[in-house]
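Topology and contacts: notes
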Amino acid sequence: MEFRLLGTVSVDTRTGPLPLGPAKRRSLLAALLLSANTPVPVARLTDSLWGEEPPPRARGVIQGHVSRLRALLTGAEAQAYGVELVTLGDAYVLRVPETLLDYQRFEELLMLARQQRSAADTVRMLDDALSLWQGPALGGTFTEGPLQAAAHTLEESRLATVEELARAYADLGEHHRAASVLRAEAVAHPMRESLAAALILALYRAGRQSEALDWFHRTRRLLADELGIDPGHELADAYALILRGGPRPGAAPAGGTDAAGASRAATGPAEGAGTTAPPGPRGPAAHNPSAAPHPTDLLPRAPRGFHGRNAELAALTRAAAGEAPVCLVTGPAGVGKTSLALQWAHHNPAAFPDGRLFADLRGFSETGEPALIDVLREFLLALGVAPRRVPESVSAAAALFRSLTDRRRLLVVLDNARDSATVRALLPGGTDCVTLVTSRNRLEGLIASDAARPVPLGILEPQDGTALLAGVLGEERILAEPVAARRLAELCGGLPLALRVTAARLAGRPQWTLAGLADELADERGRLTFLDVDDTGVSAALRLTVQQLPADAVRQLARLGHHPGGHFDPYTCAALAGTDPAAAAAALERLGSAHLVTETAPGRWVLHDLVRLYARGLDPASGAEALVDVLDHYIATALAAADTAEPGGEPCFVLPEGYRPAAVRDFADRAAAMHWLATERDDLARAAVAARGAGLHDRAWRIILLQWPQVVWRVRDSWAPLLELALDSARAKQDLYAESRVLNLLGWVLTEEGRTAEALTLLERSPGLAQQAGDRLGEATALINLAVVQAGQGELDRALEGCGRAVVLAREEEDRHTEMLALQHLARLQLSAHRPGDALGSARTALALGPEHEEAARRSLLLAVSGEARLALGEEDEGILLLDRAAEEAERAGYDEGAVRALEALLRVSARAEYRTRHALALRRLTDGG
């Protein structure tokens, strides 16, 4: 007995197939067999037989079909084979050995085939598996709903097996047989891209390259017409292999003729010219395919010493797989767009049997752009149009060009395009033609109107940059100084033009060392000069790009050259250029379109190092003014962030002399403010260093000190070096107020880092300095921080006295925030002095001072102190409850430091696994930097 689902649903017996009767009964049997040995509820059977609209008596119909199936199986002595159809409550189960199910044997043969070491054995197993199929799966049933899904799954498995069989034939080198197996399925399933891709590779490896390319274009057109999509990666990659001339077993030797070459010779370049084509040659050559002229080729020579760019070359090949594709290579000046385009275009001429055209549109040249009619005339003459037949108007010439290319497979390379309109006039008309455009601009209009596929080109990785140097200088010279070679690649910013100029300088001076030139390039003041040679260089390339910009964008670029940080946003740019953020954003978009700045995240931009040096030279006199403007912008924005993050906090200083903020951004909430402080930390540090270097010490220490909310939040995040810089600037200005404030924060950071002795030395000076400066709140903060260190040194009485004095000072100044801070630390000290009642009172007073929206870290710490005090008073349940609340508030706010402290206190009195897990997670977050 055998149950078949791989074809018409049937049951074969020794006396022949069982008469299953109507389609509904076959559908019922199929549903039971697909879930063999598993109860199938009546509801699922109803869905399988009728879908969403079952008849009123569906259950009775199913019972009738089950009864008839049971009778048929009994009559065929099914029980002797271990087959039984039984009722289980509201479900039926068909018990049947898996060996009697054809789809189970199919799966078993597949598994065995995949375990074979011999490709020949794999072929035999897969052949046996596929021989079980006798037609479409679940034939003779109502394939709707679950049955339709099951039939589709089985069919997918069959097709995947066909593809596996083809791969096994390929492993045996039998590519013709692989193609034969695949072709029948590809014809039956023309939209299945994996089948088409496998067939294309099989044909190519069988030496039938022209058939492979024809099948690709046939599939591509079908996908575009039927689904409106381009080929996916699998199909595009198969096409790419052919374009690259990838490994093909049995390929013809160099100089031989492959199938594509034979087809091309027979077709000739005039195919598809239509009625607008000029008359062809007369005489014997007109009827002799072997006498057809060679396809036109206007490409310049392939680039020498090309290295890397594998990802971009692959992206170009995928982009070229669409219908009438326009591939758009964009990037900054000197990044190697033309080299990439020519490298790709030269790699496999067989992909473009009707020729390759090239035009330098000189969109960024001092000589100006060529007239469009001149470019079209050159293209038309190359395609065989007689000079007297070339139209005089651009529109007519473009129309003739489109007509001539309508049925050809042609590559058109348009280099150095300035705008989209120029490119549109030069696009070919054939759906099998590929247009490759390079530009320093993004040409978003071309993307919108012609679905151009952008392939952005960035800088080279250091290893590729070093390889480029080796291509010019030789491996020996690079291997002699590998570290210096990598340093040169980094100083050239990964820009191929800069690397080639550097290599040219070194090639002409064999006595120079790579390390010596690297030292010269390390000096920013002369770097651009060294990267220019004759009429070629980075400065010249950038100048041609900048010449195309409007005046406001040029001014913005010039001011950006003086920006001390690595990143900038429209607010920073507005401050630098003296405009508003909207105008700055528009200028950035224009600069980004020209690839002079790069957007790394929404609203966040960077300058390439060499572009920054060039920009700085556009307006060197404005450097000092631009620096002050951006420093004041940072002070104003950091002040706004601190006020938003800590609304109850005290402004920590008066504003500097001559302060003129511009373009200050608002922050919606604490999270946004803290995110800005975290994101801009490196740039704020660079700004402070630049301020100190320019003698603007009053701005340097302010920029650093205003980051105090982030310092408090991430106290162990290596803040000491930056605060030491602020201390130097405060002392340079002989500003007692500033020195005291910086000492307070630095001393606290050193305390948290475990550098107690250093912290004590600094903090002992701070209260006196604050007192001399008349800064009573600063004195209170200094006393608090000093008390923490004193307590750690065992001087608990002095610590309690100092903290008590801080509470009084803050209360007299009516500053609730500082009073709350003092009470928090006083409560902690009282707890250490075994005075839990006093500690609980201080914590309660502090919590009463702060509103519900008081900063989460402060509330968490006060709740933790309260909880520990309750525990010390013997009120364990209340203490655990408060500590749990403290940990939850800290976790919710992302204050991992506070969460660790509260959970450590909980673990001392509770062994709950939840606390251990939460403690481990918080500690890991804290260790990983959040």
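If you're wondering where the values come from, they're calculated on a predicted model, not measured in any experiment. (Residues numbered from 1 in each chain as written. Predicted model: local features only at pLDDT ≥ 70, side-chain atom pairs only at ≥ 80, totals over all residues. Heavy atoms only, no water.)

Here's the deal with the packing of aromatic side chains
Tallying each qualifying case throughout the model produces six aromatic pairs. Pairing Phe 379 with Phe 401 gives two aromatic rings, centres 5.5 Å apart and planes at 35 degrees, and the pair type is tilted. Of this pair, Phe 379 sits in helix H14 (residues 372–382) while Phe 401 sits in helix H15 (residues 394–404); the two residues are 22 residues apart in sequence, bridging distant segments of the chain. Each member of the pair, Phe 379 as well as Phe 401, carries the same accessibility label: buried. (Phe/Tyr/Trp six-rings, centres within 6.5 Å; stacked < 30°, edge-to-face > 60°. Helix = DSSP H or I, 4+ residues; strand = E, 2+ residues; numbered from the N terminus. Buried < 20%, exposed > 50% of the residue type's maximum accessible area, 1.4 Å probe, protein only.)

Quick look at unusual backbone geometry
Phi angles above zero are rare outside glycine, and Asn 37 is one such case at about 70 degrees. Take Asn 37: it is sitting in the loop between helix H1 (23–34) and strand E4 (40–41). Accessibility expressed as a relative area gives 40% for Asn 37, which makes it partly exposed.

A look at the packing of helix H7 (residues 175–188) against helix H8 (residues 193–205)
For the pair H7 and H8, interaxial distance at closest approach is 8 Å and the crossing angle is 150 degrees. Between H7 and H8, the crossing angle belongs to the class labelled roughly antiparallel. Like other packed secondary-structure pairs, H7 and H8 cross with a definite hand, here left-handed. Between H7 and H8, the residues in contact are His 175, Ala 178, Ala 179, Leu 182, Arg 183, Glu 185 and Ala 186 and Leu 195, Ala 198, Leu 199, Ala 202, Leu 203 and Arg 205, respectively. (Axes fitted to C-alpha atoms, helices over the stretch in contact; angles between N-to-C directions. Parallel < 35°, antiparallel > 145°, perpendicular 65-115°, else oblique. Left-handed = near helix turned anticlockwise from the far one by under 90°. Contact = heavy atoms within 4.5 Å.)

Things to note about the sheet that holds strand E3 (residues 16–17)
Spatial strand order, E1-E2-E3: three strands in an open sheet with antiparallel pairing. Each having just a single partner strand, strand E1 (2–4) and E3 make up the two edges of the open sheet. As paired elements, E1 and strand E2 (residues 10–13) share three bridges and run antiparallel to each other. Note on E2: the bridge partner recorded for Arg 4 is Ser 10. (Pairing = 2+ DSSP bridges.)

Focus: the sheet that holds strand E5 (residues 84–88)
Pairing in this open sheet of three strands is antiparallel, and the strands run E4-E6-E5 from one edge to the other. Strand pairing shows two members of the sheet lacking a second neighbour, E4 and E5, which therefore form its edges. Where E4 lies against strand E6 (residues 91–95), two bridges are found, and the strand directions are antiparallel. Its bridge partner being in E6, Val 40 is matched across the sheet by Tyr 92. Contacting E5 and E6, helix H3 (residues 58–75) crosses the sheet at an angle of about 145 degrees to E5.

Topic: the side chain of Ser 35
On the secondary structure map, Ser 35 appears in the loop between H1 and E4. Polar contacts involving the side chain of Ser 35 include one to the side chain of Arg 44, which spans 3.3 Å. In this structure Ser 35 touches Val 40 and Arg 44, once residues within four positions along its chain are discounted. (Polar contact = N/O pair within 3.5 Å; in protein donor to acceptor, adjacent residues only side chain to side chain.)

What about the environment of Arg 699?
Here Arg 699 lies in helix H32 (residues 697–705). With 291 residues separating them along the chain, Arg 699 and Arg 408 place their C-alpha atoms 67 Å apart.

Some thoughts on the pairing of strand E8 (residues 356–360)
Where burial is concerned, most of E8 is hidden: four out of the five residues are buried. Bridge count for E8 against strand E9 (residues 411–415) is five bridges, and the pairing is parallel. Counted as the bridge partner of Leu 357 is Val 412 from E9.

Quick notes on the layout of surface pockets
Picture a little ball the size of a water molecule; that probe, rolled over the atoms, points out where space is still empty. Approximately 1,100 Å³ is the volume found for the largest pocket. Every residue lining the largest pocket is counted, 44 residues in all, and those nearest its centre are Trp 748, Asn 785, Leu 821, His 825 and Arg 858. When contributions to the lining of the largest pocket are tallied by element, the ones reaching two or more residues are helix H33 (708–713), helix H35 (736–752), helix H38 (776–792), helix H40 (816–832), helix H42 (856–872) and helix H44 (896–907). Sort the elements by how many residues they give to the lining of the largest pocket and H40 lands first, with eight residues. Its residues placed into classes, the lining of the largest pocket shows 19 nonpolar, twelve polar and 13 charged. (1 Å grid on protein atoms, 1.4 Å probe; cavity = no way out; pocket = protein on both sides within 12 Å on 5 of 7 lines; lining within 4 Å. Points joined across faces, edges and corners; volume = space filled by probe spheres on them. Nonpolar A, V, L, I, M, F, W, Y, C, P; charged D, E, K, R; others polar.)

Notes on the environment of Val 789
Along the chain, the position of Val 789 falls in helix H38. Relative accessible area serves as the criterion here: at 1%, Val 789 is assigned to the buried category. Each C-alpha atom, one on Val 789 and one on Pro 325, is 70 Å from the other, the two residues being 464 residues apart in sequence. With sequence-adjacent residues up to four places away left out, Val 789 is seen in contact with Thr 751, Thr 756, Ala 759, Leu 760 and Leu 763.

Section: the environment of Ala 197
With respect to the helices, strands and loops of the structure, Ala 197 is situated in helix H8. A relative accessible area of 3% places Ala 197 in the buried class. Linking Ala 197 and Leu 182, residues 15 residues apart in sequence, is a C-alpha distance of 9.8 Å. Not counting chain neighbours up to four residues away, the residues in contact with Ala 197 comprise Glu 234, Leu 235 and Ala 238.

A short note on helix H9 (residues 209–227)
Taking 1.5 Å per residue as the helical rise, H9 with its 19 residues ought to reach 27 Å, and the 26 Å between its terminal C-alpha atoms agrees with that figure. Within the sequence span of H9, burial applies to Gln 209, Ser 210, Ala 212, Leu 213, Trp 215, Phe 216, His 217, Thr 219, Arg 220, Leu 223 and Ala 224. (Expected span 1.5 Å × (residues − 1).)

With respect to the confidence of the model for the chain
For the chain, mean pLDDT is 84; residues scoring 70 or higher make up 92% of the total. At the level of individual helices and strands, the chain shows its lowest average pLDDT in helix H11 (residues 259–267), which scores 30, and its highest in E9, which scores 95. Predicted confidence is poor over residues 250–293, with pLDDT under 50, and the contacts of this stretch with residues over four places away or in other chains come to 41 contacts. (pLDDT = per-residue confidence, 0-100.)

Examining helix H26 (residues 570–577)
Counting buried positions over the eight residues of H26 gives seven, a clear majority of the element. Check the buried side of H26 and you find it contacts helix H25 (551–560), strand E14 (567–568), helix H27 (581–593) and helix H29 (623–645). Looking at where H26 begins, the residue whose side-chain oxygen comes 3.1 Å from the main-chain nitrogen of Tyr 571 is Asp 569. Of the residues flanking the end of H26, it is Gly 578, one or two places downstream, whose phi is positive at about 70 degrees.

With respect to the packing of helix H43 (residues 876–893) against helix H45 (residues 913–927)
Two elements in contact, H43 and H45, have axes whose closest approach is 12 Å; the angle formed by their N-to-C orientations is 35 degrees. Here H43 and H45 pass one another in a crossing that is left-handed. Packed against H43, whose contacting residues are Ile 880, Asp 884, Ala 887, Glu 888 and Glu 891, the element H45 presents Tyr 915, Arg 918 and Arg 925 at the interface. For the contact of H43 with H45, a count of residues per class yields three nonpolar, no polar and five charged.

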